[in-house]
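# Coordinate inspection notes
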Amino acid sequence: MSKLILIDGNSIASRAFFALPLLSNSSGLHTNAVYGFTTMLLRLIDEQKPTHFLVAFDAGKATFRHKDYAEYKGGRAKMPSELGEQFPLLKDLLRAFGISQFELEGYEADDIIGTITRVADERGDMEVVVVTGDKDMLQLASEKVKIALTRKGISEVELFDPPYIKAKYDLTPQQIIDLKGLMGDASDNIPGIPGVGEKTALKLLHEFETVEGVLSHTAELKGKMREKIEQHADDARMSKELATIFREVPMETSWDELVYNGYQGPALADMFRKLEFKSLLEKMDFAGVDAAGADQPPQADIKAVLVDQEKLPELIEALAAVDALHVEVVGDNPHAGYILGIALHSTDVCYYVPFDLVKDGAAEIEPFKAWLESADKAVAVFDQHRAEVALHWQGICLRGTSFDPMLAAYLLDPTESELALSGIAKKYALPALQPDEDVFGKGAKFRVPAAELVSEHLCRKAHAVHSLVEPMKRDLESNEMHRLYYDLELPLAAVLASMEQKGIKVDREALKEYGSELAGRLESIMKSIYEAAGTEFNINSPKQLGEILFEKLQLPVVKKTKTGYSTDAEVLEKLEPYHPMVGHILLYRTLAKLQSTYVEGLLKEVRPDTGKVHTYYRQTIAATGRLSSQYPNLQNIPIRLEEGRKIRKVFTPSKPGWSMLTADYSQIELRVLAHISQDEKLMEAFVNDMDIHTKTAMDVFGVEESAVDSNMRRSAKAVNFGIVYGISDYGLSQNLNITRKEAASFIEQYFAVFKGVRQYMDEIVKEARQNGYVTTLLHRRRYLPEINASNFNLRSFAERTAMNTPIQGTAADIIKLAMVQMDERLKQEGLQSRMLLQVHDELVFEVPNDEVEIMTTIVPDVMEHALELGVPLKVDVDTGANWYEAK
DNA sequence: ATGATCACG
DNA sequence: ACGTACGTGATCATA
């Protein structure tokens, strides 16, 4: 018969934590609870040989028990942060073990376990062992369900079944609840009846069987005990209720999801290395796994069909059952790459369709194309955005996509740089996938192997996509990221693809003209620099420039890099008074940057046929949830200095009679801060739509508005920036060029006024220590493993990140939400206007002139109300003939 | 490939 | 005492 192990995750983790000394790895992360848990898992797997496995966790601050009894678990000391920080690691560990895990907002692990054991009792087709440190769970024991209680920390367990409970306590499992009703439980703050301990309670139950029985026979008792029991009858009833495990948690229970197939050595070995479990690594002797974990574990046994003209009908037949696909796009930029082929996972066969077959344009391929374009399907696609873009250039509009494992992996851990399918599959302990690099080579060594090999590899990928859907869905669910994923990120992927496909028109002639102007000016500056230096050298080389400045001309060394002298702008500005050449170098740098990056670089990206650039937004790069932009990067086009800002003149509408429209959020990050900190002063400033930097200056310096001079406002602005970045006196002093002491006193004054902000900063850091991560308003999450590091630098960095990420990340959530809504709204209103760019707090559109008026209303309306905060959001709109004019 | 520099929010 | 502001990408020089 099948055997299921159910672990009470919180109970075992906490037993392990208190039983073992406080170990920590080299980055200061504590690991003792995870270590104890690991040894227990290894022992259980070895001894019990489970076919099914689940670890349940408590979730949410308040369970339904708190509604009935506010003091529930009230007396319990808060979980120490050294334990709290280990839960994310523990969850990763379980993934590496291939063990399923579950938690549900508002319920405790016991309730989940109670519900599953009830189902096991009803079906009678599963033997269950419940592992916990909590005696209450004995109430779940039955013919099919045994309870393993930890003893002496976690090194031993005592196995309870109903006969054993009978022998030991002379009670039935149900009576365990009554026992607790009478005696209470100090650790959960359940009162019971004062003066009744285990001895008395057992005696009473042997006579009267239940709490109700005891209460209705108090007449037969005498003296003090009778008095106490009658007096606390209600307490006893309530205590019994609290001690009763809820066995009707609303959850789907299917044994299939709990199947345990054993662990994959490499995934586990990787995890142990990360945790620095050296003794376990040696003891386990992961056969064939070398230090880098490079050895290949078994690959999946799949059936791969290489589709050719002949086999096309078979493929078409199978399409109805396809639930996952992978489009192999070659090259970093999907707008400039080509498609090798498409692999599909159907019921128990995978198909590989070389893209040549699709491009041939034979009539037989049409049903396949039609299927790709049909919205009437639900298929998982790895990196949907990339696939969509590449297919679009081939005239195919991919629709009916329902899940993207890459996007899911990013939400589950946005700092994970390894988002290749092979890495994700490994993390989820799926059968091994060869890394693409091993199959195709990389960079200059890229080559396409024989079709059969490609087919085999890509079919495995499609199979992995299919296998990832369910476990990743569960993980998203347990992180409360369901809405973030389905309502925001997944639809956004399609919105981004459509923005990129439209592209933005570049006036090549104007750009070239600006280029020749720059070339002329650079030429003459170069000459004067060489003259002043008395020799020709490569000004672009920091090394050669350093030699000229600090050795030949003997200028003072301000700052060093790890390779030599620093010559960055900050240094050069300090050196300007010493030598006229320094000013020339600064100007040279500015113009050379414009020339190489923004004139020549941009021209290389313009499509010769359409005169447009198509940037590629990356949705899975930034740790905070922001987008990034490549090929070309259109999120860093100059604006701060007039010289560079002129570049914006070359970005124009794609049609005559159209205009550019820009809409940017005003102070979105500080508004977000006002909302999440609920700081009274900061909220007031935004409710009254004041100039936030002037207002900050007034409050910090304690003066009237009329007394705020430009210098005071500048300082206040720098403080506001610092607050958003996670302030430090050193950072502020650098920025304002003041001493650390002065900076510290600015900060002190700021916090004296904005008390709510200080409280937020303190609490978010505490929260990060407790949970090991911070979240945004829409539950985007960022783990901060170094928050407890003993290294001051690592820890401080993590603390500033804890302060900044919820702010920057929530702002990112908001504009992403606005983009999804904007896309819908444009369709709804039947407008021709097109959304083209996103620059973190700004959206850029091209609009027909007769839509300028309505767009000037609609755009801010959507953006300002994308998400309602405790303070209003404000959007400034402008239009013009090009991006420069729309400012 | 990596570091230094500089463009943006 | 420690030594940094948060998040990106492109270009160039140099190992």
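Quick caveat: nothing in here was measured; it's all calculated off a predicted structure.

In terms of helices and strands, chain A carries 37 helices and 23 strands. Counting only C-alpha atoms, chain A reaches 110 × 80 × 60 Å along its principal axes. Residue burial in chain A is summarised as follows: out of 887 residues, 53% are buried. The long-range share in chain A, meaning contacts at least 24 apart out of those at least 6 apart in sequence, stands at 68%. Here chain A displays about 39,800 Å² of accessible surface, and carbon together with sulfur accounts for 50% of that area. Once the 100 positive and 134 negative side-chain charges of chain A are each reduced to a mean point, those two points are 4 Å apart.

Glancing now at the pairing of strand E8 (residues 324-330). Residues in a regular strand point their side chains to alternate faces of the sheet. When you tally the buried positions in E8, you get seven out of seven residues, the bulk of the element. Here E8 shows a buried face lined by Ala324, His326, Glu328 and Val330 and a second buried face lined by Leu325, Val327 and Val329. With seven bridges joining them, E8 and strand E9 (residues 338-345) adopt antiparallel strand pairing. The residue of E9 that forms the bridge with alanine 324 is histidine 345. In this structure, E8 lies alongside strand E11 (residues 379-381), joined through two bridges in parallel fashion. Within E11, the position partnered with leucine 325 by the bridge is valine 381.

Where helix H35 (residues 755-771) contacts helix H36 (residues 792-828), the two axes come as close as 9 Å, and the packing angle between them is 105°. Here H36 runs roughly perpendicular to H35, going by the angle between their axes. Seen from H35, the contacting residues are Tyr760, Met761, Ile764, Val765, Ala768 and Arg769; seen from H36, they are Glu799, Ala802, Met803, Pro806 and Ile807. The residue inventory of the contact of H35 with H36, partitioned by class, reads nine nonpolar, no polar and two charged.

Here we come to the protein's contact with DNA strand B. Lining the immediate surroundings of DNA strand B are 22 residues, of which Thr567, Lys593, Ile639, Arg640 and Asp841 lie closest. Sugar plus phosphate: this is where 76% of the atoms of DNA strand B within 4 Å of the protein reside. Within the backbone of alanine 569, one N or O atom sits 2.8 Å away from a phosphate oxygen of DNA strand B. Here a base nitrogen of DNA strand B sits 3.0 Å away from a polar atom, N or O, in the side chain of asparagine 636. Taken together, the residues of the surface near DNA strand B break down into seven nonpolar, eight polar and seven charged.

It is worth spelling out the sheet that holds strand E17 (residues 651-652) at this point. Strands sit in the order E14-E13-E17 across an open sheet of three strands; the sheet is antiparallel. The sheet is open, and its two borders are formed by strand E14 (612-613) and E17, each paired with just one other strand.

So, about the UniProt feature "domain: 3'-5' exonuclease" (unreviewed entry) in chain A. Residues given the UniProt feature "domain: 3'-5' exonuclease" (unreviewed entry) here are residues 303-477. Its end C-alpha atoms 32 Å apart, residues 303-477 is made of 43% helix and 17% strand.

Below, the discussion takes up the environment of threonine 38. Mapping threonine 38 onto the fold places it in helix H2 (residues 32-48). Along the primary structure threonine 38 and leucine 90 are separated by 52 residues, whereas in three dimensions their C-alpha atoms are 8.8 Å apart. Every residue in contact with threonine 38, bar those within four places of it in the chain, is listed here: Leu93, Phe97, Phe272, Phe277 and Leu280. Separated by 2.6 Å, the side chain of threonine 38 and the backbone oxygen of valine 34 make a polar contact.

For the rest of this paragraph, the subject is the pattern of salt bridges. Two side chains bearing opposite charge may form a pair once their charged atoms approach each other closely. The final tally for this structure, using the stated rule, is 45 salt bridges. The shortest N-O distance in the salt bridge between arginine 151 and glutamate 158 comes to 3.3 Å. Under the relative-accessibility criterion, glutamate 158 is labelled buried at 12%. The residue arginine 474 makes a salt bridge to glutamate 257 at a minimum N-O spacing of 3.3 Å. With a gap of 217 residues between them, arginine 474 in helix H22 (residues 451-478) and glutamate 257 in the loop between helix H12 (233-243) and helix H13 (265-275) connect regions that are remote in the sequence. Of the residues examined, glutamate 257 reaches a relative accessible area of 34% and is grouped as partly exposed.

Another aspect to go through is the protein's contact with DNA strand C. Around DNA strand C there are 36 residues in total, and Asn538, Ser541, Ser628, Phe797 and Arg800 lie nearest to it. Backbone atoms, meaning sugar plus phosphate, form 60% of the atoms of DNA strand C positioned within 4 Å of the protein. Between a phosphate oxygen of DNA strand C and a side-chain N or O atom of serine 628, the distance comes to 2.7 Å. Separating a base oxygen of DNA strand C from a side-chain N or O atom of arginine 740 is a distance of 2.9 Å. Secondary-structure elements contributing two or more residues to the surface near DNA strand C are helix H25 (542-552), helix H27 (580-605), strand E16 (628-630), helix H32 (710-725), helix H33 (729-736) and H36. Ranked by residue count, the leading element in the surface near DNA strand C is H36, at seven residues. A class-by-class count of the residues in the surface near DNA strand C yields 10 nonpolar, 20 polar and six charged.

This brings us to the packing of aromatic side chains. In total, this model carries 20 aromatic pairs according to the counting rule given. Aromatic side chains phenylalanine 550 and tyrosine 565 sit 4.9 Å apart centroid to centroid with 40° between the ring planes, which places their arrangement in the tilted category. Taken together, the positions of phenylalanine 550 in helix H25 and tyrosine 565 in the loop between H25 and helix H26 (569-575) put the pair 15 residues apart, joining distant regions of the chain. Residue classification places tyrosine 565 among the partly exposed positions, given a relative accessible area of 26%.

One can describe the packing of helix H29 (residues 668-677) onto H35 by two numbers: an axis separation of 9 Å at closest approach and a directional angle of 80°. As the angle between them shows, H29 and H35 are arranged roughly perpendicular. Residues Leu673, Ile676 and Ser677 of H29 form the contact with H35, whose participating residues are Gly756, Val757, Tyr760 and Met761. Of the residues assigned to the contact of H29 with H35, the class counts are five nonpolar, two polar and no charged.

By size, the foremost hydrophobic cluster in this structure holds 148 residues, and its most contacted members are Phe651, Tyr665 and Phe845. For this core, the element with the highest residue contribution is H36, accounting for 13 residues. Apart from the residues lying within four places of it in its own chain, the contact partners of phenylalanine 845 are Ser659, Met660, Leu661, Met822, Leu826, Arg834, Met835, Leu836, Met855 and Val859. Counting residues in each nonpolar core, the second largest holds 47 residues, with Leu149, Ile176, Val249 and Leu258 among its members.

Proline 632 follows tyrosine 631 through a cis peptide bond whose omega is -5°. Tracing the backbone through its elements, the reader meets proline 632 in the loop between E16 and helix H28 (642-645). With phi around 55°, glutamate 480 is a residue other than glycine that occupies positive phi space. Along the chain, glutamate 480 falls in the loop between H22 and helix H23 (482-502). Residue classification places glutamate 480 among the partly exposed positions, given a relative accessible area of 39%. With a phi close to 70°, histidine 840 is a non-glycine residue in the positive phi region. Within the element layout of this structure, histidine 840 appears in the loop between strand E21 (834-838) and strand E22 (842-848).

Thresholds, definitions, all that
Positions within a chain are numbered from 1, following the residues in the order the chain's sequence is written. Chain labels run from A onward and ligand labels from 1 onward, assigned in the order the entries are written. Reporting in this predicted model follows two pLDDT cut-offs: at least 70 for local features of residues, and 80 or more for side-chain atom pairs to be given and counted; totals over whole chains, interfaces and linings ignore these cut-offs and use all residues. Only heavy atoms go into the side-chain values, all of them from the structure, while hydrogens and water stay out. Secondary structure elements follow DSSP: runs of H or I no shorter than four residues count as helices, runs of E no shorter than two count as strands, and numbering proceeds from the N terminus. Between buried and exposed lies partly exposed: a residue is buried under 20% and exposed over 50% of the maximum accessible area for its type, with that area taken using a 1.4 Å probe on protein chains only. Contact criterion: two residues are considered in contact whenever any of their non-hydrogen atoms come within 4.5 Å of each other. Calculation of accessible area relied on Shrake-Rupley with a 1.4 Å probe; when residues are assessed, cover is drawn exclusively from the protein chains displayed. Charge assignment: positive for Lys and Arg, negative for Asp and Glu; neither His nor the chain ends contribute. Charged groups are reduced to one reference atom each: NZ for lysine, CZ for arginine, CG for aspartic acid, CD for glutamic acid. For two strands to be treated as a pair, DSSP must find no fewer than two bridges joining them. Between N-to-C directions, angles span 0 to 180 degrees; the directions come from axes that are lines fitted to C-alpha atoms, helices contributing only their stretch in contact. Note on terminology: angles under 35 degrees are roughly parallel, angles over 145 are roughly antiparallel, angles of 65 to 115 are roughly perpendicular, and the others are oblique. Here the term charged refers only to Asp, Glu, Lys and Arg, the term nonpolar to Ala, Val, Leu, Ile, Met, Phe, Trp, Tyr, Cys and Pro, and the term polar to all other amino acids, Gly among them. Whether a residue is near a molecule or strand depends on its heavy atoms: it is near if one of them lies within 4 Å of it. N or O atoms closer than or at 3.5 Å make up a polar contact, with two conditions inside protein: a donor-capable atom paired with an acceptor-capable one, and, for residues adjacent in sequence, both atoms drawn from side chains. UniProt positions are given in the numbering used here, feature names are shortened, and annotations may be inferred rather than shown by experiment. Basic side-chain nitrogens of Lys or Arg form a salt bridge, by our definition, when they fall within 4 Å of a carboxyl oxygen of Asp or Glu. Each pair of aromatic rings taken from Phe, Tyr and Trp, with Trp reduced to its six-membered ring, is defined by centres within 6.5 Å and is described as stacked if the planes are under 30 degrees apart, edge-to-face if over 60, and tilted in the remaining cases. As used in this record, nonpolar core signifies buried Ala, Val, Leu, Ile, Met, Phe, Trp, Tyr and Cys residues forming a set joined through side-chain atoms within 4.5 Å.

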